[in-house]
There are 2 protein chains.
Amino acid sequence: MKIIRSTKEMNSFSRKAHVKGKTVGFVPTMGALHEGHVSLIRQAAAENDIVVVSIFVNPIQFGPNEDYKRYPRNLRLDAQLCEKVGTDVIFCPNAQQMYPANYKTYVNVSDLSDCLCGKFRPGHFKGVATAVTKLFNIISPDIAYFGQKDAQQASIIKKMTEDLNIPIKIKVMPTVREKDGLAMSSRNAYLNKEERQDAAVVYQALILAKNLIKQGGVDSSGIIRKMRQLINRKKSARIQYISIVDPKDLKPIDKIRGKVLIALSVWIGKTRLIDNIVVKP
Amino acid sequence: MKIIRSTKEMNSFSRKAHVKGKTVGFVPTMGALHEGHVSLIRQAAAENDIVVVSIFVNPIQFGPNEDYKRYPRNLRLDAQLCEKVGTDVIFCPNAQQMYPANYKTYVNVSDLSDCLCGKFRPGHFKGVATAVTKLFNIISPDIAYFGQKDAQQASIIKKMTEDLNIPIKIKVMPTVREKDGLAMSSRNAYLNKEERQDAAVVYQALILAKNLIKQGGVDSSGIIRKMRQLINRKKSARIQYISIVDPKDLKPIDKIRGKVLIALSVWIGKTRLIDNIVVKP
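No experiment lies behind these values; they were computed from the predicted model shown.

A few words now on the overall build of chain A. Across its full length, chain A holds 10 helices and 10 strands. Rg of the C-alpha trace for chain A: 19 Å, near the compact-globule value of 19 Å for 281 residues, within the 12% margin. Looking at the 281 residues of chain A, the share that counts as buried comes to 55%. Considering only intrachain contacts with a sequence separation of at least 6, the fraction spanning at least 24 residues in chain A is 72%.

What follows is about the side chain of serine 265 of chain B. Inspection of the secondary structure assignment puts serine 265 of chain B in strand S9 (residues 260–268). Reaching out from serine 265 of chain B, the side chain makes a polar contact with the side chain of arginine 272 of chain B at a distance of 3.4 Å.

Val52, Phe136, Ile139 and Met160 of chain A together with Val52, Phe136 and Met160 of chain B are the most contacted members of the largest nonpolar core, which totals 88 residues. With residues near it in sequence (within four places) discarded, methionine 160 of chain B still touches Thr105 of chain A together with Val107, Val109, Ala129, Val132, Thr133, Phe136 and Ile166 of chain B.

Moving on to the sheet that holds S9 of chain B. Residue and element names in this part refer to chain B. The strand order S8-S9-S10 describes an open sheet built from three strands, whose pairing is antiparallel. If you trace the sheet from one side to the other, it starts and ends with strand S8 (237–245) and strand S10 (271–279), each paired once. Taken pair by pair, the neighbouring strands of this sheet meet at an average axis angle of 15°, ignoring direction. Bridge count for S8 against S9 is eight bridges, and the pairing is antiparallel.

Quick look at helix H9 (residues 200–214) of chain B now. All names here are of chain B. Between its first and last C-alpha, H9 extends 21 Å over 15 residues, near the 21 Å set by a 1.5 Å rise per residue. The set of residues buried in H9 consists of Ala200, Val201, Val202, Ala205, Leu206, Ala209, Leu212 and Ile213. In this structure, the buried residues of H9 make contact with helix H8 (193–198), helix H10 (220–232), S9 and S10. Note on H9: the residue one or two positions beyond its end, glycine 216, has a positive phi of about 105°.

Here we come to the relation of the copies chain B and chain A. When chain B is fitted to chain A, the residual RMSD is 0.0 Å, and the transformation amounts to a turn of 180° plus an axial shift of 0.0 Å. Expressed as a symmetry operation, the mapping of one chain copy onto the other fits a two-fold axis. For chain B, the minimum C-alpha distance to the rotation axis belongs to valine 107 of chain B and amounts to 2.3 Å. A symmetric contact is evident, with 100% of the interface residues of chain B recurring at the interface of chain A.

Enumeration according to the criterion identifies 16 aromatic pairs over all chains in this entry. Between tyrosine 99 of chain B and tyrosine 103 of chain B the ring centres are 5.1 Å apart and the planes differ by 85°, which places this aromatic pair in the edge-to-face class. Taken together through their ring pairs, the aromatic side chains of Phe56, Tyr99, Tyr103 and Tyr106 of chain A make up a single cluster. The cationic tip of arginine 73 of chain B hangs over the ring face of tyrosine 68 of chain B; the distance from NZ or CZ to the ring centre is 4.9 Å. Its end group placed over the ring of tyrosine 99 of chain B, lysine 134 of chain B keeps NZ or CZ at 5.6 Å from the ring centre.

Listed by partner, the interface residues are 26 residues for chain B and 26 residues for chain A. When chain B packs against chain A, close to 2300 Å² is buried across both sides, 47% of that on carbon and sulfur atoms. Between aspartate 111 of chain B and lysine 104 of chain A there is a salt bridge; the shortest N-O distance is 2.8 Å. In this structure, the connection of chain B to chain A is made through 20 residue pairs in polar contact (both at pLDDT 80 or more). For the side of chain B that touches chain A, the secondary structure elements donating two or more residues are helix H1 (7–19), strand S5 (105–109), helix H6 (124–139) and helix H7 (151–163) of chain B. Partitioning the side of chain B that touches chain A into residue classes produces 10 nonpolar, 10 polar and six charged. In terms of strand pairing, strand S5 (residues 105–109) of chain A meets S5 of chain B through five bridges, oriented antiparallel. Its bridge partner being in S5 of chain B, valine 107 of chain A is matched across the sheet by valine 107 of chain B.

Residue and element names in this part refer to chain A. Domain parsing of chain A yields domain 1 (2–173) and domain 2 (186–279). Computed from C-alpha atoms alone, the centre-to-centre distance between domain 1 and domain 2 is 26 Å. Both faces combined, the contact of domain 1 with domain 2 buries some 1700 Å², and carbon together with sulfur accounts for 57% of it. Taken together, domain 1 and domain 2 are joined by one salt bridge. Note that arginine 187 and aspartate 67 form a salt bridge whose closest N and O atoms lie 2.8 Å from each other. Taken together, the connections running from domain 1 to domain 2 amount to seven residue pairs in polar contact (both at pLDDT 80 or more). Of all the secondary structure elements, the ones that give two or more residues to the side of domain 1 that touches domain 2 are helix H5 (117–120) and helix H7 (151–163). For the side of domain 1 that touches domain 2, the residue count by class is 10 nonpolar, six polar and five charged.

Cut-off values and rules
- Residues numbered from 1 in each chain as written.
- Chains lettered and ligands numbered in written order.
- Predicted model: local features only at pLDDT ≥ 70, side-chain atom pairs only at ≥ 80, totals over all residues.
- Heavy atoms only, no water.
- Helix = DSSP H or I, 4+ residues; strand = E, 2+ residues; numbered from the N terminus.
- Rg over C-alpha atoms; globule rule 2.2 N^0.38 Å.
- Buried < 20%, exposed > 50% of the residue type's maximum accessible area, 1.4 Å probe, protein only.
- Contact = heavy atoms within 4.5 Å.
- Polar contact = N/O pair within 3.5 Å; in protein donor to acceptor, adjacent residues only side chain to side chain.
- Core = buried A, V, L, I, M, F, W, Y, C linked by side-chain atoms within 4.5 Å.
- Pairing = 2+ DSSP bridges.
- Axes fitted to C-alpha atoms, helices over the stretch in contact; angles between N-to-C directions.
- Expected span 1.5 Å × (residues − 1).
- Least-squares fit on C-alpha atoms with pLDDT ≥ 70 in both.
- Phe/Tyr/Trp six-rings, centres within 6.5 Å; stacked < 30°, edge-to-face > 60°.
- Lys NZ or Arg CZ within 6 Å of the ring centre and 35° of its normal.
- Buried area = accessible area lost by both parts, 1.4 Å probe.
- Salt bridge = Lys/Arg side-chain N within 4 Å of Asp/Glu carboxyl O.
- Nonpolar A, V, L, I, M, F, W, Y, C, P; charged D, E, K, R; others polar.
- Domains from an automatic or database assignment.

Right under this line is the structure:
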């Protein structure tokens, strides 16, 4: 396995691979890798000749009061895991290289970036779309893999790729969960023991909603009210939002008649967790 | 010469060319081709195996009161000229294909897009950057050619390409002029006889500024004042702006001590003309 830190070297590596007729699968990450990332890397390895994993904690997708500085970084551990599951190249540029002084260009997907998490993290998805565009151009993969856990991100990247005619296929893989249902996330490492137990309520609320819909519930506001009640029983939990939306355009759905995306963000202590499921009535 | 209207077909044509090891030169245009475009196409033909010229009047770079609808369109004439000077493919998608309903993604280069023409055409350069990003992704050329006549556009495209790690070389070719110095522009066709004569003053003002600087003039405001006086002698002329800026970051220069870009926009009757020169003291 190769570790590449320079954008130039990464680009020329990919070019050479393409010239040789090899396909390149790409898994963008911020490191602190977990089973969710592993599932993406394994899928990429199964479908491509070469697998590139980027590890880059992207500063421009963090707000001023967010966890950019304390976000977990451990390249040695990440590299061990990557190698074990079929990675050929880790691409880990530094922030200075990705955003040199005088950096000015941003990619924004309107509407999709302003709702759900975007409402509480202004500029976040512009930062994501910009970094992913850069990584796509540097690596020029055939297929790029994203997790369904970040459903809004996946929608935005799909839309951006289509809108900008980027010749890359986007695949979104299912959320990987702990035994109690908690979605795998690098930020779970922030939770203390009690918070970790409370955190299971996030997925439980989604399952509650799913059951209500399967039993014929069509009224989003009633379902959301019951989810709120369940979550609020946990001392460490504070709901940021719960939304039931159209999975394509992320617009709120009042009466559930087709597939919906149920998405929420909950503070567990000082840790912000997100999760979602897609439910068909 | 091939005429391609579909983005898919264009993309697969380029892919095949690259697989065969051929280089692709790209000249983006809005049609209504003139000697300025011809110089770009000839340069592309001299430096690449295959030359693609796009002809696309990009709706999102026009303001609501601008000339999108009346912008000259004549594919037959343009195609004749293209073929004569070494074009292999004309790519001419329609607006519906480039911006389908529900289009949402925009590329913006901050600062550089907000000064000079950008101040008077809000959203213009975002529209340009977005369309060029799309065309770059569809055509994936090795080299793309732009005219120095649109100096701000050239700066923005260069910066965008660098910032987003787009693996394409940008070349900016000198402005081609009529005998009396008027910069070639598709919009010159809007001018009546008298206006056409008056229009020469735009370049004359640039030459005046150049001479003043060559004679030791360092004070931008004094030079701009003299340019204004010269232009205002013409009945049909109304100055929109005259600026002396740093050629790289487009920021105003008060005291001229190194290379400067002198740029201006002048209404001649109902036609807005722009021009510029780079001067070294």
